[in-house]
Amino acid sequence: GQQVMQIPQYQHVQEGEDFTTYCNSSTTLSNIQWYKQRPGGHPVFLIQLVKSGEVKKQKRLTFQFGEAKKNSSLHITATQTTDVGTYFCAGPNNAGNMLTFGGGTRLMVKP
Amino acid sequence: DSGVTQTPKHLITATGQRVTLRCSPRSGDLSVYWYQQSLDQGLQFLIQYYNGEERAKGNILERFSAQQFPDLHSELNLSSLELGDSALYFCASSVSGVYQPQHFGDGTRLSIL
């Protein structure tokens, strides 16, 4: 079945440093979604990318969808303590009836 | 506030017991999804309902079952509970299917003693 992998699993950064998480799917995706889960919280939808090569920005966050629509990345510039949490990517399966989540990247920011 | 309501927030019970988790989706959302998240783990998809009908099944154990009622609220039933079932159970909803963003509830934390 479809697999969605994320690396790294954990990342410690100093406040102000940049951070990137990578997402790879075993199958071509029609779209990719990104979610953030704060410690003790629930996943919150961040963004959806649909087009090949698409790049979207949300303030310090930059999301990219690969040309082959099998990979994606989330880059955070100048991390802040408010960025702490686990970032998940997710993509629909081929049947379009299930969203498969990556294992997540847990970001920890040292002030 | 995501608009998705889950009850109860916490549930403590013993092995062998049966529990029911409840979810009310966001107003206007027809799809409901259930996920299991064990400690520091990812989100494991359990099952999806759309407008009252089962649409997709993930790695859901036979001891688990769910349904979506005419008013679109959903219940997840867990029976013959085992220690390994201790986890956070999230409900999410979306307008229709997996091509729209999912909105998650706060979850039900289930602890099996």
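Residues numbered from 1 in each chain as written. Chains lettered and ligands numbered in written order. Predicted model: local features only at pLDDT ≥ 70, side-chain atom pairs only at ≥ 80, totals over all residues. Heavy atoms only, no water.

Quick notes on the pairing of strand E9 (residues 85-92) of chain A
All names here are of chain A.
Inference 1: Burial analysis of E9 places 8 of its 8 residues in the buried class, which makes it a mostly covered element.
Inference 2: Bridge count between strand E4 (residues 32-37) and E9: 5 bridges; the pairing is antiparallel. In the sheet register, Lys-36 faces E9, and the bridge partner there is Tyr-87.
Inference 3: In this sheet, strand E11 (residues 105-110) lies alongside E9 in antiparallel orientation, the contact comprising 3 bridges. Counted as the bridge partner of Thr-86 is Arg-106 from E11.
Inference 4: Pairing geometry for E9 and strand E10 (residues 99-101), over 3 bridges, is antiparallel. From the neighbouring strand, Pro-92 faces E10, where its bridge partner is Leu-99. (Buried < 20%, exposed > 50% of the residue type's maximum accessible area, 1.4 Å probe, protein only. Helix = DSSP H or I, 4+ residues; strand = E, 2+ residues; numbered from the N terminus. Pairing = 2+ DSSP bridges.)

A word on the interface of chain B and chain A
Inference 1: The interface of chain B with chain A comprises 22 residues on the first partner and 19 residues on the second.
Inference 2: Note on chain B versus chain A: buried area summed over both sides is about 1600 Å², and carbon and sulfur give 58% of it.
Inference 3: On the chain B side of the interface with chain A, the three residues burying the most area are Leu-43, Val-98 and Tyr-99 of chain B, jointly 34% of the side's total.
Inference 4: Here chain B and chain A share 6 residue pairs in polar contact (both at pLDDT 80 or more) between them.
Inference 5: Those elements that provide at least two residues to the side of chain B that touches chain A are strand E4 (31-37), strand E5 (44-50) and strand E6 (53-57) of chain B.
Inference 6: The leading source of residues in the side of chain B that touches chain A is E6 of chain B, at 3 residues.
Inference 7: Residue composition of the side of chain B that touches chain A, grouped by class: 9 nonpolar, 9 polar and 4 charged. (Contact = heavy atoms within 4.5 Å. Buried area = accessible area lost by both parts, 1.4 Å probe. Polar contact = N/O pair within 3.5 Å; in protein donor to acceptor, adjacent residues only side chain to side chain. Nonpolar A, V, L, I, M, F, W, Y, C, P; charged D, E, K, R; others polar.)

Digging into unusual backbone geometry
Inference 1: Geometrically, the link from Ile-7 of chain A to Pro-8 of chain A is a cis peptide bond, its omega value of -5 degrees lying close to zero.
Inference 2: Examined against the element boundaries, Pro-8 of chain A turns out to sit in the loop between strand E1 (4-7) and strand E2 (10-14).
Inference 3: Of the consecutive residues Thr-7 of chain B and Pro-8 of chain B, the connecting peptide bond is found in the cis state with omega at -10 degrees.
Inference 4: By secondary structure assignment, the location of Pro-8 of chain B is in the loop between strand E1 (5-7) and strand E2 (10-13).
Inference 5: Non-glycine residue Lys-69 of chain A carries a positive phi angle of around 55 degrees.
Inference 6: Positionally, Lys-69 of chain A belongs in the loop between strand E7 (61-65) and strand E8 (71-76).
Inference 7: One non-glycine residue with positive phi stands out, namely Leu-72 of chain B, at about 80 degrees.
Inference 8: Inspection of the secondary structure assignment puts Leu-72 of chain B in the loop between strand E7 (64-68) and strand E8 (74-78).

Overview of the packing of aromatic side chains
The relation between two aromatic rings is expressed through the spacing of the ring centres and the mutual angle of the planes.
Inference 1: One pass over the structure, following the stated rule, counts 12 aromatic pairs over all chains.
Inference 2: Relative to Phe-104 of chain B, the ring of Tyr-35 of chain A lies with its centre 5.8 Å away and its plane at 80 degrees, an arrangement referred to as edge-to-face. Taken together, the residues Tyr-35 of chain A in strand E4 and Phe-104 of chain B in strand E10 (residues 103-104) connect one chain to another.
Inference 3: Judged by its relative accessible area of 0%, Tyr-35 of chain A is buried.
Inference 4: You can call Phe-104 of chain B buried: its relative accessible area is 1%.
Inference 5: Their ring planes at 65 degrees and their centres at 5.8 Å tell us that Tyr-35 of chain B and Phe-45 of chain B sit as a pair that is edge-to-face. Linking Tyr-35 of chain B in strand E4 with Phe-45 of chain B in strand E5, this pair joins segments that are 10 residues apart in sequence. Like Tyr-35 of chain B, the residue Phe-45 of chain B is buried in the burial classification.
Inference 6: One aromatic cluster is present, formed by Tyr-35, Phe-45, Phe-88 and Phe-101 of chain A together with Tyr-35, Phe-45, Phe-90 and Phe-104 of chain B through successive ring pairs.
Inference 7: When the ring centre of Tyr-50 of chain B is taken as reference, the NZ or CZ atom of Arg-55 of chain B above it lies at 4.2 Å. (Phe/Tyr/Trp six-rings, centres within 6.5 Å; stacked < 30°, edge-to-face > 60°. Lys NZ or Arg CZ within 6 Å of the ring centre and 35° of its normal.)

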